[in-house]
Each structure stands twice: as structure tokens, then as C-alpha cells.
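Coordinate analysis (summary)
As a plain string of letters, each chain reads:
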Amino acid sequence: MSISVIGAGNVGMALGHAFTQRGETVVFGLPEPEKYQSAVSALGPLAKVTSTAQAIAASNVIILAVPYAAVAGIAQSVSDWQDKILVDATNPLAPGLAGLTVGTTTSGAEELAKLARGARVVKAFNTTGAENMADTRYPGGSPMMPLCGDDADARQRVMALATLIGFDAVDMGPLMAARYLEPFAMTWIHLAIKQGYGRKFAFGMLRRG
Ligand SMILES: NC(=O)c1ccc[n+]([C@@H]2O[C@H](COP(=O)([O-])OP(=O)(O)OC[C@H]3O[C@@H](n4cnc5c(N)ncnc54)[C@H](OP(=O)(O)O)[C@@H]3O)[C@@H](O)[C@H]2O)c1
């Protein structure tokens, strides 16, 4: 079964690289697929690029890796998502990374779930830099990937995908926890960009016992 990734920028390509390296087929969906043909071909024979609509139709797991401004249009472009798992890797960033435009009594993911009729929305892959999605190896252990969604089966399936590419997948429970995960993404962004830590770090979860 393939994974579809809508968007082929930093996050889309990083996830596409990570999944194809583990033998998964990835179908990229883009408004202008031809623009990305050579970049996607470079990922090898398991990666394909097509229109957004065809990519959504192709898989039961669809990862949104697009600017937040594009999310609503994509959600509403499908009249019935037919129980597909819609993974929201986006963040509702304010211009200049000045903060978030959605929260704290809702989240981008919850707003997406209202628009994507019939989809099982899971928030994931939004809390760390794209480089960490392409390569999860750190000397101190596995970077964490917290995720949430109202459908337990969908959550488990996305946890399996995060684990497959080397993350320590952390179950945050219902989709309302995206209200915490989107600001958590800002913590990474703030450290990396505003505080000058750079992009070569990741958050991990320490456990006792
Ligand atoms: N960069 C990170 O480290 C990072 C980490 C975690 C989460 N995020 C979040 O992930 C999302 C993507 O970030 P990014 O850095 O990968 O962005 P990006 O490099 O700008 O890539 C965005 C991709 O989305 C495509 N796209 C734009 N509008 C679309 C539409 N209507 N339908 C389908 N595809 C569309 C773009 O295609 P065109 O080139 O044709 O416009 C491009 O391939 C953002 O919401 C961001 O906040 C980013």
C-alpha cells in the first residue's frame, strides 16, 4: 500500500526520502507535477508524482506537507475522504515565524478535521525540522514524534510509520492535543531560528523504568 504526500518541499521530500529508503511507495501530489518530476525521480523507482487529486485517490494514508494557506482548499477538494487517514504535518505559521495564527482553543488540525469530511485526521510530523524527518539518527537516541488524532486505529498506523523512519512515536491521544503540538513546533522553530541553535537538534523523551 502506498503513502501519498501532498507537497514536495522540505517536509514532503524529507518524508518521501525516508519512506522510500524503507521500501514504501510514495505518491506525491502537486498542482504542477511536472515541476517536481526530476526531484521525485531522484528518490528512485518507489517515488511517483502526479496531480493532487490523483495522489489523494491513490492511497489510504495522505500526508499534508503544504503551506497552511493551502490546507483548507485541499481538504474541501474531496467531497468524501472515505475514512482515509489524513496526516497533518502543517503549522499555521504567522508571517515571519512570528507565532501561530490559530490556537489556543482550537488548532490547525481541528479546523482541518471540520473541513475534510470523512477523513481520520492525525496531527504528526509537524514538531521537528524537515532534516530530522530525512535522517532521524542522533547519538543520544531517537527523536520523539508526538502525534494525536481522534481515531485510535489511525493513530496507531501513523505511529507505525513514524517508528518505521526512526522516530520514538509518542501517543498524545485525541486531536485536541494538536493545540499543544502546534505551539511545540514553535518551540523547535524558536530555538532553531530565533535563538540561533541551528537545525541540527531534536527533542527526545527520557523515561525512567
Ligand atoms: N520546513 C520544516 O522544517 C517544517 C517542519 C515541520 C512542519 N513544517 C510545515 O510543513 C508544511 C510544509 O513546509 P515545507 O517547509 O515543506 O514547505 P515548502 O518547502 O514551501 O513546500 C511546500 C510544498 O507544497 C506545495 N504546495 C503549495 N500549495 C499546494 C497546493 N495547493 N496543493 C498541493 N501542493 C501545494 C508546494 O508546491 P509549489 O512549489 O508548486 O508551490 C511545495 O512543494 C508547512 O505547513 C510547514 O509549516 C515544516
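Everything discussed here concerns the structure shown above.
My aim in this report is to walk through the structure given alongside it, one point at a time. (Residues numbered from 1 in each chain as written. Predicted model: local features only at pLDDT ≥ 70, side-chain atom pairs only at ≥ 80, totals over all residues.)

1. Quick notes on the environment of Ala-39
In this fold, Ala-39 is placed in helix H2 (residues 37–41). Ala-39 sits 26 residues away from Met-13 along the chain, and the two C-alpha atoms are 8.5 Å apart. Every residue in contact with Ala-39, bar those within four places of it in the chain, is listed here: Ala-8 and Met-13. (Helix = DSSP H or I, 4+ residues; strand = E, 2+ residues; numbered from the N terminus. Contact = placed C-beta atoms within 7 Å.)

2. Some remarks on the pairing of strand S5 (residues 85–88)
The alternating pattern of S5 places Ile-85 and Val-87 on one face and Leu-86 and Asp-88 on the opposite face, and all of these are buried. Regarding topology, helix H4 (residues 71–76) serves as the crossover connection from strand S4 (residues 61–64) to the parallel S5, and that connection is right-handed. With 4 bridges joining them, S5 and strand S6 (residues 120–123) adopt parallel strand pairing. Its bridge partner lying in S6, Leu-86 is registered against Val-121. Crossover connection from S5 via helix H5 (residues 108–115) to parallel S6: handedness right-handed. (Buried ≥ 20, exposed ≤ 12 C-beta atoms within 10 Å, placed from the backbone. Right-handed = clockwise from strand over helix to strand, strands pointing away. Pairing = 2+ DSSP bridges.)

3. Focus: the site of the ligand
Lining the immediate surroundings of the ligand are 26 residues, of which Gly-7, Gly-9, Asn-10, Val-11 and Thr-90 lie closest. Those elements giving two or more residues to the shell around the ligand turn out to be helix H1 (10–21) and H4. Top contributing element to the shell around the ligand by residue count: H1, with 3 residues. Residue composition of the shell around the ligand, by class: 14 nonpolar, 10 polar and 2 charged. (Near = placed C-beta within 6 Å. Nonpolar A, V, L, I, M, F, W, Y, C, P; charged D, E, K, R; others polar.)

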